[in-house]
Every structure is written in structure tokens, then in C-alpha cells.
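Structural description and commentary
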Amino acid sequence: MSVDWFGITLLLGGFLVLMLLRVPIAFALGLASLATALHLSLPLMLVAQRMINGLNSFTFLAVPFFILVGNIMTEGGISDRLVRMADVLVGRLRGGLAHGNVVASTMFGGISGSSVADVASIGSFLIPSMKKAGYPVGYSVSVTVTSSVQGVLIPPSQNMIFYALAAGGLPISTLFMAGYIPGLLLGVSLMVICAIMAKRHNHPLGDRYTLRSGARVLVDALIGLFTVVIIIGGILSGIFTATESAAVAVVYALFVTMFCYRSLDRSAVSRIFTSTLTTLAMVTAIIMTSSVFGFLLSYLRVPALLAEGIFYFSENKLFVLLAINILLLILGMLMDMGVLILLLTPILLPIATKVGVDPIQFGVMMILNLGIGLCTPPVGTSLLVGCGIGKIRLGQVMKSIWPFYLAMIVVLLLVTYVPAMTLILPALTK
């Protein structure tokens, strides 16, 4: 079968040109797909059907609820309580604020499922606090940004839902459980870096809490953290599906923030739903257009051509996974994470499974890889948000962030080449 190189160039080249012209991603995907479909003389009704099929999944119904519960807990002041809880747990260590930053991100990741939300919420409080305590600004931003990557691994992760959709309907509960060990290991590895830096630069000790005041802080934060128990416990016990557990979590989060914390008023609720609807509209448009884009990639045999190109050099599993990781790291520096998951999963997953990689393991590998991209210039969204909060130039942050990159790469390699890292917990909870 001959290869339509013009069609491939029109699809991929058109998308890249539109992206460079700063056309919104959904429109860039849609216009490139439409032009390619016309070139291939495909019926426009087929294009419309593919767009609708992209949303025709019960799994997708969980997305708006997870976005909503994250916005509720962020707006409802849970981040401040988690920071205080982290300070109680690890604040007395040398460099306690840095350790507390990582621990707070670990807990917040289990609520928001978003790296950017983590940086915006946790960072707005901790980066100024670390600066005031004498930590270098670049170091403060580096800790905040890199620890936020746990948010894309520790459930409930919106990006895991996108991967489940793009992979053809993998069980969300299995993906959620697979992300726990890598997410926690990432947090531990970053805390090791913080401990080394604290000893080398003599970072200050944190505050000590009395037993009574510490217990009060813990109880206050645990009320909000019970949202995670509802989501994960409901799914694993079989009481709820992922969608149902997310809906119940929304009700619980509203109750806690409005009646226990009393941190939401009418205007805050309005902001929450406005933000959720705006995000959902953007996500829906991207999923619809990426579904058509992915279909055309398959129609033009792009996944098969890429596989042939990689296997031309070697069919060795170690080499193939290394090549995929390098590709993901480069693309993660240049494009949005959610879009890359939707576009690349249909292309790269068949290559990974051909060399014996479990789809669940590959999903966690991809998400962690692209999560590192969120901390990497030039388009690292979390990094840019952190620089904005810290009021520091990107170049200054890069001088202090490289040890944290090394820690993340080590965890990525473990996830890539040690299947038990991602598969043992799902196997134990079946």
C-alpha cells in the first residue's frame, strides 16, 4: 500500500503551522483534520461522526465531576489547610518548608489531579513563605513546580482519564491504583534532594507544634482529604463507578467547604462553576477534534510508519522504550499535556505493546514523562506559573531546578523498566 506523504504533511504540517500562528489547539486540530479529509475525499459526515464518537463514552462523564471537585476544594481553602498539615508532619526538619511543600503537593494532588492547580494554589502561599524564611527564590519555585508533578500521577488524575479514553477504554480504577507508587516515590525522591540541599546550604528549621495545636490542624485538614477516600474507596470497593464516585465527591466537597470550613460564598460558587464550564468546554472541543485527528493519523498509517522507523534501528525493548521516552520528553517541552495524551496514545501504545509493555504501565510512563514537560521550558505551564508567582525569570530558576530534574528522570526510568512499580498495586487490589 502506497504512502500518501502529501496527506501526512498536510495533516501534521498544517497542525504545526496553525500552532505556530497561535491558533487555539482545538481549532488547529479541527482545521488540519478538515483540510486532510477533503484531500482524501472522505465524506464530511464521517468527520462529524468521528467527533461525536470521541465523546461517546461513559468514562468521559467523570471528567466534568473531577474538574468541578478540584475547583471546589481549591477555591474552598483546602490548600491552606494542607500546607499547615504538611508543616505539622515535617516542618520540624531542617529545610522543613521545602519538605512541607512536597508533602502538601502529595496530598493536594489527590484532590485536584492537576499540576498547574497545585502550583497556583500551594505555590501562592508557600513560595512567598519560603522567600520570607530565607530560602532562595529560584529554589522555592523549583521545589513547588517539580513536586506538583505528583498531581498528574496520584488519583484522581484527569490526565489518566484522557489516557483511558485514548487507549480505548482502559479501567480507570486500575490506572488510578497504578499511579500511587510512582507518585509517592517521586515525592520521596524530591524530599531526598531537599534534604541534601538543606544540609549543604544550612536551610532553616521549621516551627514546632504542641500536641493539641498539631492535632487540631490535622483533624481540620483530614475532613477535606476524606474526599480522596470517597473517590478511591468508592471505586475499589465496587460501591461506585469512577463517574459516580466523582459525583458523590462533588456533593461532599460542597458540603465541607460551605458548612464545615465556611469558606465559600455565593460569588465563590459562581466562580467555581464558571471556571469548570470554561475548562470543560475547552476539554470537550479538544477531545472531539483530536478524535478526528487520531482517526486520520491511523487512516494515513502514521503509527505503522513510526513503528517501522523505530524497529528499523532495533526491536530491542530497552531501545524502543528509550526512543519513546526521548520523543515524549521533547514533545512535552513544546505542547500541552492533555493534547499529547490524546494524540500520541493511539500512535505509541501499539508500539509499546508490541515489545511487551502493559498498557497500564505505558500509561503511567507517558503521564509522568509529559508531567516532566510541565516543568520544562519553553512551554512548561507549571514552570511558567511558578515563575510568575515567585516574580523571577525563567533562567534564574533553571540554575536551581536541575537536581530535581535528575530525581524525576530516575523515577521515570524505574517506571519504564521495572513493571512492578506500576502493576503490583493494581494486582493486589483486584
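Residue positions are given per chain, counted from 1 along the sequence in the order it is written. Predicted model: local features are reported for residues with pLDDT of at least 70 only, side-chain atom pairs are reported and counted for 80 or more only, and whole-chain, interface and lining totals are derived from all residues. Just so you know, side-chain values use all the structure's heavy atoms and leave hydrogens and water out.

Named according to an unreviewed UniProt entry, the protein is TRAP transporter large permease protein originating from Paracoccus benzoatiresistens. Among the UniProt annotations of the protein, the heading Subcellular location (unreviewed entry) holds the following wording: "Cell inner membrane". UniProt positions are given in the numbering used here, feature names are shortened, and annotations may be inferred rather than shown by experiment. Database annotation for the protein, UniProt heading Function (unreviewed entry): "Part of the tripartite ATP-independent periplasmic (TRAP) transport system."

So, about the packing of aromatic side chains. Two rings from Phe, Tyr or Trp (for Trp, the six-membered ring) form a pair when their centres sit within 6.5 Å of each other. Planes less than 30 degrees apart are called stacked, planes more than 60 degrees apart edge-to-face, and all others tilted. For the coordinates displayed, the defined rule picks out eight aromatic pairs. Their ring planes at 45° and their centres at 5.5 Å tell us that phenylalanine 255 and phenylalanine 259 sit as a pair that is tilted. Here phenylalanine 255 pairs with phenylalanine 259, and both are found in helix H12 (residues 242-260), just four residues apart, close to one helical turn. Throughout this description, buried means an accessible area under 20% of the type-specific maximum (1.4 Å probe, protein chains only), exposed means over 50%, and partly exposed covers the range between. Given a relative accessible area of 52%, phenylalanine 259 falls into the exposed group. Taken together, Tyr135, Tyr139 and Phe404 form an aromatic cluster joined through their ring pairs. Helix and strand assignments follow DSSP, with helices taken as H or I runs no shorter than four residues and strands as E runs no shorter than two, numbered in order from the N terminus.

Counting residues in each nonpolar core, the largest one holds 142 residues, and the members touching the most others are Tyr139, Tyr163, Leu348, Phe362 and Met366. Element by element, the count of residues in this core is highest for helix H16 (residues 337-354), at twelve residues. Definition of nonpolar core: a set of buried residues of the types Ala, Val, Leu, Ile, Met, Phe, Trp, Tyr and Cys, connected through side-chain atoms within 4.5 Å.

On to the packing of helix H5 (residues 78-90) against helix H7 (residues 115-133). Helix axes are fitted only over the stretch in contact, all axes being lines through C-alpha atoms; the angle between N-to-C directions runs from 0 to 180 degrees. Two elements in contact, H5 and H7, have axes whose closest approach is 9 Å; the angle formed by their N-to-C orientations is 55°. What the angle tells us is that H5 and H7 run oblique. Here H5 and H7 pass one another in a crossing that is right-handed. Within the contact between the two elements, H5 uses Ser79, Asp80 and Val83 and H7 uses Ser121, Ile122, Phe125 and Leu126. Residue polarity is assigned by list, with Asp, Glu, Lys and Arg as charged and Ala, Val, Leu, Ile, Met, Phe, Trp, Tyr, Cys and Pro as nonpolar; anything else, Gly included, falls into the polar class. Considering only residue class, the contact of H5 with H7 consists of four nonpolar, two polar and one charged. Angles below 35 degrees are treated as roughly parallel, those above 145 as roughly antiparallel, those between 65 and 115 as roughly perpendicular, and all remaining angles as oblique. Definitions for this section: a left-handed crossing has its near helix turned counterclockwise from the far helix by less than a right angle. A right-handed crossing has that turn clockwise. Contacts are assigned to residue pairs with any non-hydrogen atoms lying within 4.5 Å of each other.

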